[in-house]
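What follows is each chain in one-letter form.
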Amino acid sequence: MTDRDLDTFRAEVRRWCEENVPRDWRAKEAGASPEDVVVLQREWRATLESGGYFASHWPAGLGGADRPLAEQVVIAQELARADAPRLALYQVAVYNAAPAILHHGTEEQRRRFIPGIRSGDVWCQGFSEPGAGSDLAGLSTRAERRGDVYVVNGQKVWTSWAMHADWCILLARTDPSAPKRHGISFLLVDMTSPGVEVRPIKQATGAAEFCELFLTDVEVPVANLLGPEHEGWHVSQSTLASERGVTLLELVERLHRNGIRALLDAAAGWRGEDGGPVLEDPAVRERLGGLYGEVQILRGLCARMIESMEGRGGGAEASIAKVCYSELLQRLMHTAVELQGLPAQVSRPLLMSAGWESGDWLTDFVGSWSWTIAGGTNEIQRNIIGERHLGLPREPRAAGEPR
């Protein structure tokens, strides 16, 4: 694709955004009930679908537009530029469940689940557990095969949007005698199954999209096993790489548009403790300039990372971008709260579709801490970077400790 072709495509996407991004979505969502937020999310999904921008990276034969990487970058940039709502309700469906099914599912599973995702099925991710968050391989949820079904018992946590989900991608141990990263299977669980219980967890921001998921004698058909039995660890790692890779592309663009640029605009009107404009302080200008430069470096890193992933899935590059994004997000939001001063402490209505770049700097700062955990903790990401990218030896383990 030539630069001229890409410019033409960008103009096309920009026109579509101008005509279709709801200008009043922030006003509608401010203070809205969780049920109303879901309605707004569903409406925005349908709008993106009508324009051909929902799951546009999927293969054309499976309902996508098979967009090349360059066009995916343009779409992310223009949606961020237009301040479009983030499609949080469908994050797992589009960037986790669908890639896993497309890459590891049977033809029957693709025909069964992909059309539902395209038409609006909501998926959640049952990976983390109370005793297996950072060390996901230590999960204890069991799935015992009994004839044509697996009987699942266990507990999951941080299962985002589970209260609204139709399906769940679930990791469960099917061979308790196997080493930690073996004997785990990847299951597709109907959330209406008897024995499934969801309990929302209210967070410090006031949101409650994180959930606990309890499974008691839940029967999952063997036909819903994704990939080979006991090989769920391999399937899950490619799924997480997709989350850290493609998803970060749009997140970083929003950090540029709704994060650092919005902060610079807002700071122009803020006053310091002495009553003077905060931007008159050279140290403040230097600090903001440094953050702006970091965001631009991250944009370049993310674009390079996505390009390197094309055609071969994720790798250590995705872990690098994830660590950089989450920690830069925290520093940026901390700076905003510090510079705004007391007005930052005023309580404002939550905007679930704005992510952590909503302009409510204190809420954004509190929420930003979840990003060092989501998608794999930064401590684990640093292990991946060291071992897979830098070639460092694995961390020493105690004698007899399973790997």
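One structure accompanies this document, and this report is about it. Note that the structure is a prediction, hence the values are computed from the model and not measured.

Looking at the overall build of the chain
Right, so step 1: Check the secondary structure of the chain and you find 11 helices and 8 strands.
Right, so step 2: Counting only C-alpha atoms, the chain reaches 70 × 50 × 45 Å along its principal axes.
Right, so step 3: Relative to its 403 residues, the chain shows a buried fraction of 50%.
Right, so step 4: Sequence separation of at least 24 residues holds for 73% of the intrachain contacts in the chain that already meet a minimum separation of 6.
Right, so step 5: When the accessible surface of the chain is totalled, it reaches about 18,400 Å², and 52% of it is carbon and sulfur.
Right, so step 6: Of the side-chain charges in the chain, 43 are positive and 55 negative, and the distance between the mean point of each set is 2 Å.

Quick notes on the pairing of strand β2 (residues 142-146)
Right, so step 1: Judged from the 5 bridges that link them, β2 and strand β3 (residues 149-157) form a sheet pairing that is antiparallel. Residue pairing in the sheet places R145 in a bridge with Y150 of β3.
Right, so step 2: Adjacent in sequence and paired antiparallel, β2 and β3 are bridged by 2 residues, among which G147 carries a positive phi angle near 70 degrees.

Here we look at unusual backbone geometry
In most cases, non-glycine residues show a negative phi, while peptide bonds are predominantly trans.
Right, so step 1: The backbone phi angle of D217 is positive, close to 50 degrees, even though this residue is not glycine.
Right, so step 2: Tracing the backbone shows D217 in strand β7 (residues 211-221).
Right, so step 3: Of the residues examined, D217 reaches a relative accessible area of 47% and is grouped as partly exposed.
Right, so step 4: Phi at H230 takes a positive value of approximately 75 degrees, unusual for a residue other than glycine.
Right, so step 5: As for its placement among the helices and strands, H230 is situated in the loop between β8 (225-226) and α7 (232-267).
Right, so step 6: With relative accessibility at 25%, the residue H230 sits in the partly exposed group.

A closer look at the packing of aromatic side chains
Right, so step 1: If you walk through the whole model with that rule in mind, you get 11 aromatic pairs.
Right, so step 2: For the pair F113 and W123, a centre-to-centre distance of 5.7 Å together with 75 degrees between the ring planes defines the contact as edge-to-face. One end of the pair, F113, is in helix α6 (residues 107-119); the other, W123, is in strand β1 (residues 123-126), and 10 residues separate them in sequence.
Right, so step 3: Here F113 falls in the buried class, since its relative accessible area comes to 3%.
Right, so step 4: Note on W123: relative accessible area 1%, which makes it buried.
Right, so step 5: On the basis of an interplanar angle of 65 degrees and a centroid distance of 5.8 Å, the ring pair of W158 and F210 is categorised as edge-to-face. Of the two residues, W158 sits in the loop between β3 and β4 (167-173) while F210 sits in the loop between β6 (196-200) and β7, which places them 52 residues apart along the sequence.
Right, so step 6: Under the relative-accessibility criterion, W158 is labelled partly exposed at 45%.
Right, so step 7: Residue F210 is classed as buried on the basis of its relative accessible area of 17%.
Right, so step 8: An aromatic cluster of three or more residues is present, and its members are W16, W44 and Y53.

Observations regarding the pattern of salt bridges
Right, so step 1: Per the stated rule, a full pass over the model turns up 18 salt bridges.
Right, so step 2: Note that K28 is salt-bridged to D24, the shortest N-O span being 3.7 Å.
Right, so step 3: When its relative accessible area of 37% is taken as the criterion, D24 is described as partly exposed.
Right, so step 4: Residue E253 is joined to R299 by a salt bridge in which the shortest nitrogen-to-oxygen separation is 3.0 Å. Residue E253 is found in helix α7, and its partner R299 is found in helix α8 (residues 282-309); the two are separated by 46 residues along the sequence.
Right, so step 5: Taking the relative accessible area as the measure of exposure, E253 reaches 5% and is therefore buried.
Right, so step 6: What makes R299 partly exposed here is its relative accessible area of 21%.

Remarks on the nonpolar core
Right, so step 1: Counting 74 residues, the largest nonpolar core has I117, W123, F186 and L187 as the members making the most contacts within it.
Right, so step 2: The greatest single-element share of this core, amounting to 9 residues, is contributed by helix α5 (residues 91-104).
Right, so step 3: Filtering out sequence-adjacent residues up to four positions away, L187 remains in contact with A143, Y150, V152, C168, I169, L170, A172, V220, N224 and L225.
Right, so step 4: Counting 36 residues, the second-largest nonpolar core is a separate cluster that includes L251, L288, A318 and L339.

Re empty space enclosed by the protein
Right, so step 1: Under the counting rule described, the total for this entry stands at 2 cavities of 30 Å³ or more.
Right, so step 2: The volume enclosed by the largest cavity comes to roughly 420 Å³.
Right, so step 3: Considering the residues around the largest cavity, the lining is formed by 25 residues, among which Y53, I75, L79, Y95 and E250 are closest to the centre.
Right, so step 4: Put simply, the parts of the chain that give the lining of the largest cavity at least two residues each are α3 (34-51), α4 (69-81), α5 and α7.
Right, so step 5: It is α7 that contributes the most residues to the lining of the largest cavity, 6 residues altogether.
Right, so step 6: For the lining of the largest cavity, the residue count by class is 17 nonpolar, 5 polar and 3 charged.

Considerations on helix α1 (residues 3-20)
In an α-helix, one turn spans 3.6 residues, which is why side chains three or four residues apart end up on the same side.
Right, so step 1: Taking 1.5 Å of rise per residue, 18 residues should cover 26 Å, and α1 covers 25 Å from first to last C-alpha, within 8% of that figure.
Right, so step 2: L6, F9, V13, W16 and C17 are the residues of α1 that are buried. On an axial view of α1, the arc spanned by its buried residues comes to 100 degrees, and they lie on one face. Across from the buried face of α1, at angles greater than 90 degrees, the exposed residues are R4, D7, E18 and E19.
Right, so step 3: Where α1 is buried, its residues contact α3 and α4.

Reading the values: the criteria
- Residues numbered from 1 in each chain as written.
- Predicted model: local features only at pLDDT ≥ 70, side-chain atom pairs only at ≥ 80, totals over all residues.
- Heavy atoms only, no water.
- Helix = DSSP H or I, 4+ residues; strand = E, 2+ residues; numbered from the N terminus.
- Buried < 20%, exposed > 50% of the residue type's maximum accessible area, 1.4 Å probe, protein only.
- Contact = heavy atoms within 4.5 Å.
- Areas by Shrake-Rupley, 256 points an atom, 1.4 Å probe, with all protein chains shown as cover.
- Lys, Arg positive; Asp, Glu negative; His and termini not counted.
- Charge placed at Lys NZ, Arg CZ, Asp CG, Glu CD.
- Pairing = 2+ DSSP bridges.
- Phe/Tyr/Trp six-rings, centres within 6.5 Å; stacked < 30°, edge-to-face > 60°.
- Salt bridge = Lys/Arg side-chain N within 4 Å of Asp/Glu carboxyl O.
- Core = buried A, V, L, I, M, F, W, Y, C linked by side-chain atoms within 4.5 Å.
- 1 Å grid on protein atoms, 1.4 Å probe; cavity = no way out; pocket = protein on both sides within 12 Å on 5 of 7 lines; lining within 4 Å.
- Points joined across faces, edges and corners; volume = space filled by probe spheres on them.
- Nonpolar A, V, L, I, M, F, W, Y, C, P; charged D, E, K, R; others polar.
- Expected span 1.5 Å × (residues − 1).
- Arc of directions from axis to C-beta.

Function cannot be inferred from these measures alone, as they are strictly geometric.
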